[in-house]
Amino acid sequence: GTTWSDISGATSAAYSISSLTPSLNNNRYRVSISSSCSANASISNDALLTVLPGAQVLQQPADVAGCVGSSATFTVNVNGSGFTYQWQVSTDGGNTFNNISGETNSSLTLTNISSTLNNNRYRVVMNASPCGATSDAAVLTVSPSPVVTITASPYTRLYPGQSTTLTASSNPPGANYTWFRNGVAVPGASGNTLQVGFNDRGLYTASDLNGCANLSNALLIGDSASNMVFIYPNPNNGQFFIRMNSV
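Focus: the pairing of strand β7 (residues 72–75)
Okay, step 1: Side chains A72 and F74 of β7 all project onto a buried face; the interleaved residues T73 and T75 project onto a face where none is buried.
Okay, step 2: Where β7 lies against strand β11 (residues 107–110), four bridges are found, and the strand directions are antiparallel. Paired with T75 across the bridge in β11 is S107.

Structure representation (structure tokens):
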């Protein structure tokens, strides 16, 4: 209150400060009122501004990436006690936020997330006495589950000594696959093709591990009944198998 300075542009009967900062604490404000009817300006009493500290956010909500059908959790950590929480969501890139009904804890968990939630933003408003705070907004990225398909060429039914090639494809494209035979992972099989022989008969599936996993259709590799006797391998070095699969 020792020295006073004019505030540029503040010439109305009311003065508003849109964003309080700690540096404004204990500032004093007064108004000088002048008119054409008086040669001397009238000075009001001064008013003291006290800026109280807001809630201190120790850990902001972090961005989350998940697959369709999985869960996503956002968490905030605030210094202090006695807070009430209200989580909000923005579906327009952070321009507007709306309250999420019933989400009034320090953590927000979304279950069975869908692609419609991709790029949503989530934040939490913390109310406390005397002052609360609003967290930063975190982005949810939802990746689609791939559609995985396996085919066999040239056979799905084998004679002894024959083999066939299984091929997996996925949309969106995958890079790493896990193959299963009768529900058990095939050791060392990670590419998009798998060669199987007569002794590898069974029910095959494949899972795409490119970000989000999904299981393919099931493909049965069986045997072909025949009245013939098979000697294999052919040619051979004198050691061979004899097999007959009769009708």
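Having seen the model, we can carry on.
What to know about unusual backbone geometry
Okay, step 1: Going from Y232 to P233, the amide bond is cis rather than trans, its omega being 0°.
Okay, step 2: For P233, the location among the structural elements is in the loop between β23 (229–232) and β24 (241–244).
Okay, step 3: Between N234 and P235 the backbone carries a cis peptide bond, its omega angle lying at 5°.
Okay, step 4: On the secondary structure map, P235 appears in the loop between β23 and β24.
Okay, step 5: Notably, N112 is not glycine yet its phi reads approximately 50°, a positive angle.
Okay, step 6: Among the structural elements, N112 can be located in the loop between β11 and β12 (121–127).
Okay, step 7: For N119, which is not glycine, the phi dihedral falls at a positive 70°.
Okay, step 8: The residue N119 is located in the loop between β11 and β12 in this model.
Okay, step 9: Exposure remark for N119: the relative accessible area of 42% places this residue in the partly exposed category.

Thoughts on the packing of aromatic side chains
Okay, step 1: Per the counting criterion, the structure on display carries four aromatic pairs.
Okay, step 2: With 5.9 Å between their ring centres and 40° between their planes, Y15 and Y29 make a pair best called tilted. Separated by 14 residues along the polypeptide, Y15 in the segment before β1 (28–29) and Y29 in strand β1 bring together distant segments of the chain.
Okay, step 3: Residue Y15 is classed as partly exposed on the basis of its relative accessible area of 44%.
Okay, step 4: On the basis of relative accessibility, which here comes to 22%, the residue Y29 falls in the partly exposed class.
Okay, step 5: For the cation-ring pair, R123 lies above F97, with the distance from its terminal atom to the ring centre recorded as 3.9 Å.
Okay, step 6: The positively charged end of R201 is found above the aromatic ring belonging to F198, 4.0 Å away from the centroid.

Focus on the side chain of S216
Okay, step 1: Here S216 shows up in the loop between β21 (202–208) and β22 (219–223).
Okay, step 2: Contact partners of S216, with chain neighbours within four places excluded, come to V148, T149, I150, T205 and A206.

Here we look at the sheet that holds strand β19 (residues 184–185)
Okay, step 1: One open sheet holds the five strands; their spatial order is β16-β22-β21-β18-β19, and the pairing between them is mixed. Edge positions in the open sheet fall to β16 (157–158) and β19, since each of these has one partner strand only.
Okay, step 2: One ladder, built from five bridges, connects strand β18 (residues 177–181) with β21; its direction is antiparallel. Along β21, the bridge assignment pairs F180 with T205.

As for the pairing of β18
Okay, step 1: Sheet analysis places β18 next to β19, joined by two bridges and oriented antiparallel. In the sheet register, F180 faces β19, and the bridge partner there is A185.
Okay, step 2: Hairpin connection of β18 to β19: two residues between the antiparallel strands, including N182 at a positive phi of 55°.

Cut-offs applied
Counting from 1, residues in each chain are numbered in the order their sequence is written. Where totals are concerned, whole chains, interfaces and linings use all residues; where local detail is concerned, this predicted model gives features only for residues with pLDDT of at least 70, and gives and counts side-chain atom pairs only at 80 or more. Water and hydrogen atoms play no part in the side-chain values, which are based on all heavy atoms of the structure. Relative accessibility decides the category of a residue: with a 1.4 Å probe and only protein chains considered, values under 20% of the type maximum give buried, values over 50% give exposed, and everything between is partly exposed. To qualify as a helix, a DSSP run of H or I must reach at least 4 residues; to qualify as a strand, a run of E must reach at least 2; elements of each kind are numbered from the N terminus. Here a strand pair is declared whenever DSSP counts at least two bridges between the two strands. When the centres of two rings from Phe, Tyr and Trp lie within 6.5 Å, Trp using its six-membered ring, the rings pair. Their planes under 30 degrees apart give stacked, over 60 give edge-to-face, and anything left gives tilted. As a reminder, the over-ring test applies to NZ of lysine and CZ of arginine, requiring each to be within 6 Å of the ring centre and within 35 degrees of the ring normal. By definition, residues are in contact when any of their heavy atoms lie within 4.5 Å.

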